[in-house]
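# Observations on the three-dimensional arrangement
Single-letter residue listing:
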Amino acid sequence: QVQLVESGGGLVQTGGSLRLSCATSGRTFSAMGWFRQAPGKEREFVAAISRSGGFTPYADSVKGRFIISRDNAKSTVYLQMNSLKPEDTAVYYCAARSGGGSYILPRAYDYWGQGTQVTVSS
């Protein structure tokens, strides 16, 4: 059974940093991504990373502030979030897929974590 377990969320002030982690159940996926969902809004793409780590698309809203990385030996993907803003407040979800397809569409991913809350206070 595939499991994705996120950790690292919390409460931080504007301008602060957090690092999210997503541990998988020992498998290496073709792509992994981070999405977020704020209250009353649709789930939106944040960042993704290819198997090799050589391709890392970002949403425009986080480009230059967030960095996605993965450690295949540890079956873990990370999201380093810097210069956080109140509008970054959301539940952040880790996602993984085994095949090909879009990096930014939620429906392209096969597996999802339970989510971790990130709250940025002003």
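Residues numbered from 1 in each chain as written. Predicted model: local features only at pLDDT ≥ 70, side-chain atom pairs only at ≥ 80, totals over all residues. Heavy atoms only, no water.

### What about the packing of aromatic side chains?
Within the structure shown, the criterion is met by six aromatic pairs. Note on Phe 29 and Tyr 111: the rings are 5.6 Å apart at their centroids and 50 degrees apart in plane angle, and the pair reads as tilted. Of the two residues, Phe 29 is situated in the loop between β3 (18–24) and β4 (31–37) and Tyr 111 in strand β9 (residues 111–112); the sequence distance between them amounts to 82 residues. Residue Tyr 111 is classed as partly exposed on the basis of its relative accessible area, which comes to 26%. Three or more aromatic residues joined by ring pairs make a cluster, and in this case those are Phe 35, Phe 45, Tyr 109 and Trp 112. Here the basic side chain of Arg 43 rests over the ring of Tyr 93, its NZ or CZ set 3.8 Å away from the ring centre. In this structure, Arg 97 is placed above the aromatic ring of Tyr 109, and the distance from its NZ or CZ to the ring centre is 5.9 Å. (Phe/Tyr/Trp six-rings, centres within 6.5 Å; stacked < 30°, edge-to-face > 60°. Helix = DSSP H or I, 4+ residues; strand = E, 2+ residues; numbered from the N terminus. Buried < 20%, exposed > 50% of the residue type's maximum accessible area, 1.4 Å probe, protein only. Lys NZ or Arg CZ within 6 Å of the ring centre and 35° of its normal.)

### Structural notes on the side chain of Arg 65
For Arg 65, the position within the fold is in the loop between β5 (44–50) and β6 (66–71). For Arg 65, the side chain forms a polar contact with the main-chain oxygen of Ser 83, separated by 2.9 Å. Apart from the residues lying within four places of it in its own chain, the contact partners of Arg 65 are Gln 80, Met 81, Asn 82, Ser 83, Leu 84, Lys 85 and Asp 88. (Polar contact = N/O pair within 3.5 Å; in protein donor to acceptor, adjacent residues only side chain to side chain. Contact = heavy atoms within 4.5 Å.)

### Comments concerning the state of the cysteines
Applying the stated criterion across every chain, the model contains one disulfide. Note on cysteine connectivity: Cys 22 is disulfide-linked to Cys 94, with sulfurs 2.1 Å apart. For the disulfide bridge between Cys 22 and Cys 94, the dihedral angle about the S-S bond is near -80 degrees, and by the sign convention the bridge is left-handed. Of this pair, Cys 22 sits in strand β3 while Cys 94 sits in strand β8 (residues 90–97), placing them 72 residues apart in sequence. (Disulfide = S-S within 2.5 Å.)

### Overview of the pairing of β3
Burial within β3 is extensive, with five of its seven residues counted as buried. Judged from the four bridges that link them, strand β1 (residues 4–7) and β3 form a sheet pairing that is antiparallel. Paired with Ser 7 across the two strands is Ser 21, which belongs to β3. Sheet topology note: the β3/strand β7 (residues 76–81) ladder contains six bridges and is antiparallel. Across the sheet, the residue bridging to Leu 18 is Met 81, located in β7. (Pairing = 2+ DSSP bridges.)

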